[in-house]
Amino acid sequence: MKDDCLFCKIIKGEIPSEKVYEDEFVLAFRDINPAAPIHILVIPKKHIDSLAGLENEDKEYVWKIHEAMNKIAEQENFKEDGFRVIVNCGKDAGQEVMHLHYHLLAGQKMGDKIV
Ligand code: AMP
Ligand code: ZN
């Protein structure tokens, strides 16, 4: 964990969050400024700066995040209708919080795809 990291503070419970899912590897909570009716952030319970900072030893976290997103989609009842996953990495993508996080967006027909 990193002392000055917002999401590490959320993991440690020093900053409150609206938790949606938690296991040994992953925490998921609602985004404070939602961009869709359902907007959940899924993060590893280990400080990893960004997708570009992933190491081989982190691969279990990556799988667990993907597994958690499927569990959340079932739990929150949007698996059938679908969802969008976004990871901003670095400055050109506008990453603001330097702790790897997956945006899980659902609950509406999404706007135009970029890719
Ligand atoms: P990014 O721009 O990809 O780094 O995304 C950071 C996200 O974190 C944004 O969507 C913010 O709304 C969200 N965020 C910032 N602070 C909090 C917080 N305390 N609780 C929940 N979400 C937050
Ligand atoms: Zn962190």
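If you're wondering where the values come from, they're calculated on a predicted model, not measured in any experiment. (Residues numbered from 1 in each chain as written. Chains lettered and ligands numbered in written order. Predicted model: local features only at pLDDT ≥ 70, side-chain atom pairs only at ≥ 80, totals over all residues. Heavy atoms only, no water.)

K.L.:
What's the story with the coordination of the zinc ion (ligand 2) in this structure? I'm lost.
P.N.:
Octahedral metals with six donors have ideal donor angles of 90 or 180 degrees. Tetrahedral metals with four donors have an ideal donor angle of 109.5 degrees. Taken together, the protein ligands of the zinc ion (ligand 2) are Cys-5 (SG), Cys-8 (SG), His-47 (ND1) and His-99 (ND1), with distances of 2.1 to 2.3 Å. Seen from the zinc ion (ligand 2), its four donor atoms lie at angles of 107 to 115°, and the figure they make is tetrahedral. All donors of the zinc ion (ligand 2) come from a single chain, and their spacing in sequence reads C-x2-C-x38-H-x51-H. Within this pair, whereas His-47 is found in the loop between strand 3 (38–44) and helix 2 (59–75), its partner His-99 is found in the loop between strand 4 (84–86) and strand 5 (102–106), the two being separated by 52 residues in sequence. The exposure class assigned to His-47 is buried, which follows from its relative accessible area of 17%. (Donors = N, O, S within 2.8 Å, 3.2 Å for Na, K, Ca; no water. Tetrahedral: all angles 85-135°; square planar, octahedral: opposite > 155°, others 65-115°. Helix = DSSP H or I, 4+ residues; strand = E, 2+ residues; numbered from the N terminus. Buried < 20%, exposed > 50% of the residue type's maximum accessible area, 1.4 Å probe, protein only.)

K.L.:
For this particular structure, what's the right way to read the environment of Ile-10?
P.N.:
Note on placement: Ile-10 falls in helix 1 (residues 6–12). Once the C-alpha coordinates of Ile-10 and Phe-29 are considered, the two residues, 19 residues apart in sequence, prove to be 9.3 Å apart. Apart from the residues within four sequence positions on either side, Ile-10 is in contact with Ile-15, Ser-17, Leu-27 and Phe-29. (Contact = heavy atoms within 4.5 Å.)

K.L.:
Explain the pattern of salt bridges here, please?
P.N.:
Any two side chains of opposite charge can pair, on the condition that their charged atoms come close. Applying the stated criterion across every chain yields a total of eleven salt bridges. Residue Lys-12 pairs with Glu-14 through a salt bridge whose shortest N-O separation is 3.9 Å. Residue classification places Lys-12 among the partly exposed residues on the basis of a relative accessible area of 37%. A salt bridge links Arg-30 to Glu-76, with the shortest nitrogen-to-oxygen separation between them at 2.9 Å. Taken together, the residues Arg-30 in strand 2 (residues 26–30) and Glu-76 in the loop between helix 2 and strand 4 connect sequence positions 46 residues apart. By relative accessible area, which is 23% here, Glu-76 ends up partly exposed. Through salt bridges with shared partners, one network takes in Asp-3, Lys-12 and Glu-14. (Salt bridge = Lys/Arg side-chain N within 4 Å of Asp/Glu carboxyl O.)

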